[in-house]
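If you want the building blocks of each chain, they are given just below.
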Amino acid sequence: MTQATCPAHAPKDHPKVARGKTGILLANLGTPDDYTYWPMRRYLNEFLSDKRVIDYPSWKWQPLLQLIILTKRPFSSGEAYEAIWDKERGESPLMVITKDQTAKIKTSMEAKYGDQVMVDFCMRYGNPSTISKVRSMVAAGCERILFFPLYPQYAGATSATANDQFFRALMEEKWQPAARTVPAYFDHPSYIDALAKSVENAYDSAEKRPELLVVSYHGMPKRYLQEGDPYHCQCQKTTRLLKERLGWADTDLCTTFQSQFGPEDWLRPYTVEEVARLAKEEDKTNIAVVAPAFSADCIETLEEINEEIKESFEEAGGKDFLYIPCLNSDSAHITALCQIIDENLGGWVT
């Protein structure tokens, strides 16, 4: 930490301040502190009360959320989390992986920039909170903060709400640091290359080469696309760039969307339905699934893809199902994230 000192020529009673650092704050979605009822309820309440996630009027949504959804869902969600929980570390996989990513990025950044930089992470929902981490960076002397939402594709319900919370944190600071946010990196060559390498490695290790790669992204209401959210278009471009990097034909992969919630029509095709259709109608009994919208494995990949979606495929006659893990703390992924950070630090560090 930078040594706190009094500014030059200041009176003796001037408070000491630490200055001079650049903060690099990574951000992910979040995780409950535990899979039991009350931690799950607190987490789900914060998440599902976010207007960026559920934009229905509060008078209509909150009674339904508080009286019905939050009475039942913490139990079912808690069971799903318990199935994937890292019991040894007492943390969810998302927390374990994010800590590992942060440690590796910190090592790389400090090797390059020394004590000019401070690297940490926060969660949009749950702990550690964005506000607490911004406060600690300012207290440590960060005059500048680069805020990096770890979502390759931009969406209002992910990237934008993470940025919203970062800006709220800045509002609480008497002396605000200069701030930058890292834009979506869905088409960054290093990210696409890391994604392609993960697919190539998985296919090379498979006993039988999959007939089709299902590229599954988190879904969103179709209405959001019509209202101007670029997420759908960025997902489609990620798939196209991945296909081109792999040198594959259009028929070697397809784009789908998972995790539908509520009564609205969401982006289609739905992954859970499409894998069943592929097995039933197209006789694709050997498939692989990759989830490029997630920077770290979490409940939507480890439980939803590897259990619910896999089950849908096998019940429809599918035989071989290969889930390709997220990029997590793979060296190619860390290299890509560090390169993106470097590009966005321009003029701040040397």
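Presented here is an overview of the structure given in this document. (Residues numbered from 1 in each chain as written. Predicted model: local features only at pLDDT ≥ 70, side-chain atom pairs only at ≥ 80, totals over all residues. Heavy atoms only, no water.)

## A word on the sheet that holds strand E6 (residues 253–258)
Line of reasoning, step 1. Here we have 4 strands laid out as an open sheet, ordered E6-E5-E7-E8, and parallel in their pairing. At either end of the open sheet lies a strand with only one pairing partner, and these are E6 and strand E8 (320–324). In this sheet, neighbouring strand axes are inclined to one another by 25° on average, regardless of whether the strands run parallel or antiparallel.
Line of reasoning, step 2. As paired elements, strand E7 (residues 286–290) and E8 share 5 bridges and run parallel to each other. From the neighbouring strand, Val 289 faces E8, where its bridge partner is Tyr 323.
Line of reasoning, step 3. Packing against the sheet, helix H6 (residues 189–205) makes contact with strand E5 (212–218), E7 and E8, and its axis sits at approximately 145° to E8.
Line of reasoning, step 4. Sitting on the sheet, helix H9 (residues 271–281) is in contact with E5, E6 and E7, with an inclination near 165° to E5. (Pairing = 2+ DSSP bridges. Helix = DSSP H or I, 4+ residues; strand = E, 2+ residues; numbered from the N terminus. Axes fitted to C-alpha atoms, helices over the stretch in contact; angles between N-to-C directions. Contact = heavy atoms within 4.5 Å.)

## Side note on the sheet that holds strand E3 (residues 142–149)
Line of reasoning, step 1. Taking strand neighbours across the sheet as the criterion, the 4 strands line up as E2-E1-E3-E4 in an open arrangement whose pairing is parallel. Of all the strands in the sheet, just strand E2 (117–126) and strand E4 (178–181) have a single pairing partner and so form its edges. Mean inter-strand twist for the sheet, computed between neighbouring axes without regard to direction, equals 25°.
Line of reasoning, step 2. As defined by bridge partners, E3 adjoins E4 across 4 bridges and the pair is classed as parallel. Of the residues in E4, the one forming a bridge with Arg 144 is Ala 178.

## Brief notes about the pattern of salt bridges
Line of reasoning, step 1. Counted by the stated rule, this structure contains 22 salt bridges.
Line of reasoning, step 2. Residue Arg 223 is joined to Glu 227 by a salt bridge in which the shortest nitrogen-to-oxygen separation is 3.3 Å.
Line of reasoning, step 3. The class of Arg 223 is partly exposed, set by a relative accessible area of 22%.
Line of reasoning, step 4. On the accessibility criterion, Glu 227 (54% relative accessible area) is exposed.
Line of reasoning, step 5. A network of salt bridges, in which partner residues are shared, links Asp 55, Arg 223, Glu 227 and Glu 264. (Salt bridge = Lys/Arg side-chain N within 4 Å of Asp/Glu carboxyl O. Buried < 20%, exposed > 50% of the residue type's maximum accessible area, 1.4 Å probe, protein only.)

## A short note on helix H8 (residues 231–246)
Line of reasoning, step 1. In a regular helix each residue adds 1.5 Å, so 16 residues correspond to 22 Å; H8 covers 23 Å between its end C-alpha atoms and thus fits that length.
Line of reasoning, step 2. Among all positions of H8, only Tyr 231, His 232, Gln 234, Cys 235, Thr 238, Thr 239, Leu 241, Leu 242, Lys 243 and Leu 246 are buried.
Line of reasoning, step 3. Against the buried residues of H8 lie H6, E5, helix H7 (222–226) and E6.
Line of reasoning, step 4. Immediately beyond the C-terminal end of H8, within one or two residues, lies Gly 247, with a positive phi of roughly 75°. (Expected span 1.5 Å × (residues − 1).)

## Examining the packing of aromatic side chains
Line of reasoning, step 1. Enumeration according to the criterion identifies 15 aromatic pairs in this entry.
Line of reasoning, step 2. Residues Tyr 37 and Phe 75 carry aromatic rings whose centres are separated by 4.8 Å and whose planes lie at 40° to one another, so their mutual orientation is tilted. Placement of Tyr 37 in helix H1 (residues 37–48) and of Phe 75 in helix H2 (residues 58–84) is noted, with a sequence separation of 38 residues between them.
Line of reasoning, step 3. Taking 6.3 Å as the distance between ring centres and 15° as the angle between the ring planes, the aromatic pair formed by Tyr 43 and Phe 47 counts as stacked. Taken together, the residues Tyr 43 and Phe 47, both in helix H1 and 4 residues apart, mark about one turn of the helix.
Line of reasoning, step 4. Joined through ring pairs, the aromatic side chains of Tyr 35, Tyr 81 and Trp 85 make up one cluster.
Line of reasoning, step 5. Its guanidinium or amino end placed over the ring of Trp 348, Arg 180 lies 4.1 Å from that ring's centre, counting from NZ or CZ. (Phe/Tyr/Trp six-rings, centres within 6.5 Å; stacked < 30°, edge-to-face > 60°. Lys NZ or Arg CZ within 6 Å of the ring centre and 35° of its normal.)

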